[in-house]
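Chain residues, written in single-letter form:
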Amino acid sequence: MTNGTSEPSPPETPPVLQPNSSPTQIQRCLHAMAFVGIWMAIGWLFHLDANSYLVVGVPLVVAFQLLVRKKPLVTLWVRDAPGFRLNIWGIALGLALAVSPAIELIQTLRGADWRSYTPEILWYLCCMIGAFGAAFAFSHFTRRIWKELGFCAGTAGTIGCLTMLLTFTARLVAKHMHHTPVTFNWSNALTGLESFVLYVPVCFVLEEVVFRGAIDSHVFQPGDKGQWWTAFFVSTLWGWWHLPITGATGISRLLTLIVLLPCIHIAVGVFLSLSWRRSGNLAVPATVHAFIDAVRNMLLR
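Residues numbered from 1 in each chain as written. Predicted model: local features only at pLDDT ≥ 70, side-chain atom pairs only at ≥ 80, totals over all residues. Heavy atoms only, no water.

For the rest of this paragraph, the subject is the overall build of the protein. Counting secondary structure elements, the protein contains ten helices and zero strands. In the protein, the succession of α and β elements from N to C terminus is α-α-α-α-α-α-α-α-α-α. By principal-axis analysis of the C-alpha atoms, the protein measures approximately 115 × 55 × 40 Å. Classification of the 301 residues of the protein by burial places 44% in the buried group. Excluding contacts between residues fewer than 6 apart, the proportion of contacts in the protein whose partners are at least 24 apart in sequence is 80%. Accessible surface, the protein as shown: approximately 17,000 Å² in total, 67% of it carbon and sulfur. (Helix = DSSP H or I, 4+ residues; strand = E, 2+ residues; numbered from the N terminus. Buried < 20%, exposed > 50% of the residue type's maximum accessible area, 1.4 Å probe, protein only. Contact = heavy atoms within 4.5 Å. Areas by Shrake-Rupley, 256 points an atom, 1.4 Å probe, with all protein chains shown as cover.)

Below is the structure:
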């Protein structure tokens, strides 16, 4: 106060609002669509076979996880893991799971024209790396996660295996009508077992790690709403992701698959997503996914 008069107080500075840098759920869904779209475009553009298409996804998912999700790679396998570490039993399990793909790799490399099998060689290398990811995930199993594995097997596993069984039955009926002999023997069972041993570890580097470990974790995060529609969304992307390797030609065939593939993959994928969210351990959906594919190979190949 000076000379009996009050000086005007300085105007208050308005608070600076910090913008929310976290993307919204819709934005995260768009990220997932762009990621899968880029992968599919690469598949179509370069006319990739199934193994090449799978393997090209490895650098894509690494980039997505580190640059878009900004999460450590180990959280693709165990969602809340602080880091990667294996005890002696985990190392032993990883080595055991790596034996089968190592044998397949050696046999492929011993071939006279092994350079033409580069996609298969890379696939087996992914399987060997995934063996230690699987060992890491299994080493984090608890009683609760075993229960989640039972839930996943009882839902996604049952639906997937019944689908394969129905397809197999339809083929039997068709062959019987054409008087074609059908054989099913121990060789088929061995094919299924060998497939399962390979598919469990490879899921930790290819396909399952992408759609559950990376994409589902990005689309649905703790505190989000819309548990069911996001699981349907991820499963739809998973179905469409197969389009470049279906060999479909013609608009009518492509449109049919655009409708059909999501229906098939939603029936299984929704429960794979829910199991991943509930367990936070990729071994749960990966084991069931591997088992379904092993049953497919046993019955339909």
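What follows covers the nonpolar core. In terms of nonpolar packing, the biggest core is built from 72 residues, with Trp-123 and Ile-215 touching the most fellow members. At ten residues, the largest contribution of residues to this core is made by helix 4 (residues 118–138). Once residues lying within four places of it in the same chain are set aside, the contact partners of Ile-215 are Ala-32, Phe-35, Val-36, Val-210 and Val-234. (Core = buried A, V, L, I, M, F, W, Y, C linked by side-chain atoms within 4.5 Å.)

Looking now at the packing of helix 9 (residues 251–279) against helix 10 (residues 283–300). Contact geometry of helix 9 with helix 10 gives a least axis separation of 8 Å together with a crossing angle of 150 degrees. Judged by the inter-axis angle, helix 9 sits roughly antiparallel to helix 10. Counting all contacts with helix 9, which are made through Val-268, Leu-272, Ser-275, Trp-276 and Ser-279, the residues of helix 10 involved are Val-284, Pro-285, Val-288 and Ile-292. (Axes fitted to C-alpha atoms, helices over the stretch in contact; angles between N-to-C directions. Parallel < 35°, antiparallel > 145°, perpendicular 65-115°, else oblique.)

Okay, the packing of helix 5 (residues 143–177) against helix 10 next. Think of two packed helices as two axes; the pair is described by the angle between the axes and how far apart they sit. Across the interface, helix 5 lies against helix 10 with an axial gap of 9 Å and an inter-helix angle of 20 degrees. Judged by the inter-axis angle, helix 5 sits roughly parallel to helix 10. Here helix 5 and helix 10 pass one another in a crossing that is right-handed. (Left-handed = near helix turned anticlockwise from the far one by under 90°.)

This next bit is on helix 2 (residues 50–69). The first and last C-alpha atoms of helix 2 sit 26 Å apart over 20 residues, in line with the 28 Å expected at 1.5 Å per residue. At Val-58, helix 2 shows its maximal bend, which comes to roughly 30 degrees, and the proline Pro-59 appears one to four places after that position. What helix 2 keeps buried is the set Asn-51, Ser-52, Tyr-53, Leu-54, Val-55, Gly-57, Val-61, Phe-64, Gln-65 and Arg-69. Where helix 2 begins, the side chain of Asp-49 points an oxygen toward the backbone nitrogen of Asn-51, at a separation of 3.1 Å. Just downstream of helix 2 lies Lys-70, where phi reads positive at about 60 degrees. (Expected span 1.5 Å × (residues − 1). Bend = angle between axes of the 7 residues up to and from the residue. Polar contact = N/O pair within 3.5 Å; in protein donor to acceptor, adjacent residues only side chain to side chain.)

We now examine the packing of aromatic side chains. According to the stated counting rule, one finds 15 aromatic pairs in the structure shown. Aromatic pair Trp-77 and Phe-204: ring centres 6.5 Å apart, planes at 65 degrees, arrangement edge-to-face. Of the two residues, Trp-77 sits in the loop between helix 2 and helix 3 (88–109) while Phe-204 sits in the loop between helix 6 (186–202) and helix 7 (208–219), which places them 127 residues apart along the sequence. On the accessibility criterion, Phe-204 (2% relative accessible area) is buried. A centroid spacing of 6.1 Å and a plane angle of 85 degrees characterise the contact between Phe-196 and Phe-291, whose relative ring orientation is edge-to-face. Note that Phe-196 is positioned in helix 6 and Phe-291 in helix 10, a separation of 95 residues in sequence. Overall, Phe-291 belongs to the partly exposed group, its relative accessible area being 43%. Arg-277 extends its terminal NZ or CZ atom over the ring of Phe-220, reaching a point 4.2 Å from the ring centre. Here Arg-278 stacks its cationic end above the ring of Phe-151, 4.1 Å away from the centre of that ring. (Phe/Tyr/Trp six-rings, centres within 6.5 Å; stacked < 30°, edge-to-face > 60°. Lys NZ or Arg CZ within 6 Å of the ring centre and 35° of its normal.)

What follows deals with the side chain of Arg-69. Secondary-structure assignment places Arg-69 in helix 2. There is no salt bridge for the buried Arg-69, and the closest opposite charge comes from Asp-216, which lies 9.0 Å off by N-O distance. There is a polar contact of 3.5 Å between the side chain of Arg-69 and the backbone oxygen of Ser-217. Excluding its chain neighbours within four sequence positions, the residues that come into contact with Arg-69 are Phe-64, Gly-213, Ala-214, Ser-217 and His-218. (Lys, Arg positive; Asp, Glu negative; His and termini not counted. Salt bridge = Lys/Arg side-chain N within 4 Å of Asp/Glu carboxyl O.)

Before going further, it helps to spend a moment on the side chain of Thr-108. Topologically, Thr-108 is positioned in helix 3. Beyond its immediate stretch of four places on either side in the chain, Thr-108 contacts Trp-114, Tyr-117, Ile-121 and Tyr-124.

The subject of this paragraph is unusual backbone geometry. A positive phi angle, near 50 degrees, is found at His-47, a position not held by glycine. Topologically, His-47 is positioned in the loop between helix 1 (25–45) and helix 2. Owing to a relative accessible area of 70%, His-47 belongs among the exposed residues under this scheme. In this model, Lys-70 sits at a positive phi of 60 degrees, which is unusual for a non-glycine residue. Mapping Lys-70 onto the fold places it in the loop between helix 2 and helix 3. Taking relative accessible area as the criterion, Lys-70 reaches 65% and is therefore assigned exposed.

By themselves, these figures tell us nothing about what the structure is for.
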